[in-house]
Amino acid sequence: MLLCDFHIHTTCSDGSVELGRVVDLYGQTGFDVIAITDHVVNGDTPMGRLAHRFRLSVRADTFDEYMAGIQREAERAWNKYGMLVIPGVEISKNYLTSDKSAHLLLIDIKEFIPACLGYEEIFLAAKAQDALTVACHPHYMTPKTDRDTLYLWNNRDRYARYIDAWEIANRDDVFNVISLKKYPYLANSDFHKTRHLYSWKTLLNCEKDITAVKQCIRHNRGVAITLFRK
Ligand code: ZN
Ligand code: ZN
């Protein structure tokens, strides 16, 4: 099965490891498929404006450069490690309360999508690009923080039909509500630092190409999770 991680941050947003080093770290560890998913933060709150100012968000004017960097590294990763690197973003709608906040991975993105759009608009724009949509850390995290992102879970009756998969595990957390609801699932590291390599991961039973990977996740057959440790 393919060892995969679909939720990885770099210094293009708030990660501490530069893109090239991230690729070498995962390549040397033997991963088959990774997605780079730096934050795209909503700029319509004071918090969001700060994130933009301090370059903790990919923005409309830095998106092309971001994508070109991933494309370059994807070619290098394929040639050197036989590892598939997929471009993505984490749409990060941050508000003062957990109930209003949500994070959403868009995997295999092609065009910039601003995080201040409404949810329906974001989902439809993602579908138009054939990007995979993944609800991240969708329930209470441990320890409980005011940075939980509960909006999509609390509004699942309205939005589940747009969501290709939900994170059933994120780094060290497991969200059993996803299995109880029988939603399609993935497990990811939410990598920000080197030590986050050791965390929950996804195994996929499919070919190592982008179409097969997306199809496997959407159908959610041949998917397993594993706690990857040293
Ligand atoms: Zn997040
Ligand atoms: Zn993240």
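All of these numbers come straight from a predicted model, not from anything done at the bench. (Residues numbered from 1 in each chain as written. Chains lettered and ligands numbered in written order. Predicted model: local features only at pLDDT ≥ 70, side-chain atom pairs only at ≥ 80, totals over all residues. Heavy atoms only, no water.)

Visitor: Help me get a handle on the coordination of the zinc ion (ligand 1), residues and values and all.
Guide: Protein-derived coordination of the zinc ion (ligand 1) comes from Glu90 (OE), His103 (ND1) and His137 (NE2), at a distance range of 2.0 to 2.2 Å. Here the zinc ion (ligand 1) and the zinc ion (ligand 2) are spaced 3.4 Å apart, linked through Glu90, which binds each one. With His103 in strand β4 (residues 102–107) and His137 in the loop between β5 (132–135) and α5 (151–154), this residue pair connects regions lying 34 residues apart in the sequence. Residue classification places His137 among the buried positions, given a relative accessible area of 5%. (Donors = N, O, S within 2.8 Å, 3.2 Å for Na, K, Ca; no water. Helix = DSSP H or I, 4+ residues; strand = E, 2+ residues; numbered from the N terminus. Buried < 20%, exposed > 50% of the residue type's maximum accessible area, 1.4 Å probe, protein only.)

Visitor: Quick one: what's the story with the coordination of the zinc ion (ligand 2), residue by residue and with numbers?
Guide: Around the zinc ion (ligand 2), the donor atoms from the protein are His7 (NE2), His9 (NE2), Glu90 (OE) and Asp190 (OD), and they sit 2.1 to 2.2 Å away. For the zinc ion (ligand 2), the four donor atoms are set out with angles of 82 to 172° between them, so the coordination reads as irregular. Here the donor residues for the zinc ion (ligand 2) map to a single chain with the spacing H-x1-H-x80-E-x99-D. (Tetrahedral: all angles 85-135°; square planar, octahedral: opposite > 155°, others 65-115°.)

Visitor: Kindly report on unusual backbone geometry, identifying the contributing residues and their values.
Guide: Cis geometry marks the peptide bond from Thr142 to Pro143; its omega dihedral reads -10°. Here Pro143 shows up in the loop between β5 and α5. Non-glycine residue Asp108 carries a positive phi angle of around 70°. Inspection of the secondary structure assignment puts Asp108 in the loop between β4 and α4 (119–128). Overall, the relative accessible area of 13% leaves Asp108 in the buried class. A positive phi angle is found at Asp130, which is not glycine, with a value near 55°. Assignment of secondary structure puts Asp130 in the loop between α4 and β5.

Visitor: Just give me the short version of the UniProt feature "domain: Polymerase/histidinol phosphatase N-terminal" (unreviewed entry) in the chain, but keep the residues and values in it.
Guide: Per the UniProt record, "domain: Polymerase/histidinol phosphatase N-terminal" (unreviewed entry) is annotated on residues 4–95. Annotated as 41% helix and 26% strand, the span residues 4–95 places its first and last C-alpha atoms 30 Å apart. (UniProt positions renumbered as here; feature names shortened; annotations may be inferred.)

Visitor: Can you tell me about the layout of surface pockets, naming the residues and giving the values?
Guide: Taken as a whole, the largest pocket spans an internal volume of roughly 890 Å³. Taken together, 30 residues line the largest pocket, and the ones lying closest to its centre are Asp14, His103, His137, Met141 and Arg147. For the lining of the largest pocket, the secondary-structure elements that each account for two or more residues are β2 (33–41), α2 (46–53) and β3 (84–93). Looking at the lining of the largest pocket element by element, the count peaks at three residues for α2. Of the residues contributing to the lining of the largest pocket, the split by class is eight nonpolar, 13 polar and nine charged. The volume enclosed by the second largest pocket comes to roughly 280 Å³. (1 Å grid on protein atoms, 1.4 Å probe; cavity = no way out; pocket = protein on both sides within 12 Å on 5 of 7 lines; lining within 4 Å. Points joined across faces, edges and corners; volume = space filled by probe spheres on them. Nonpolar A, V, L, I, M, F, W, Y, C, P; charged D, E, K, R; others polar.)

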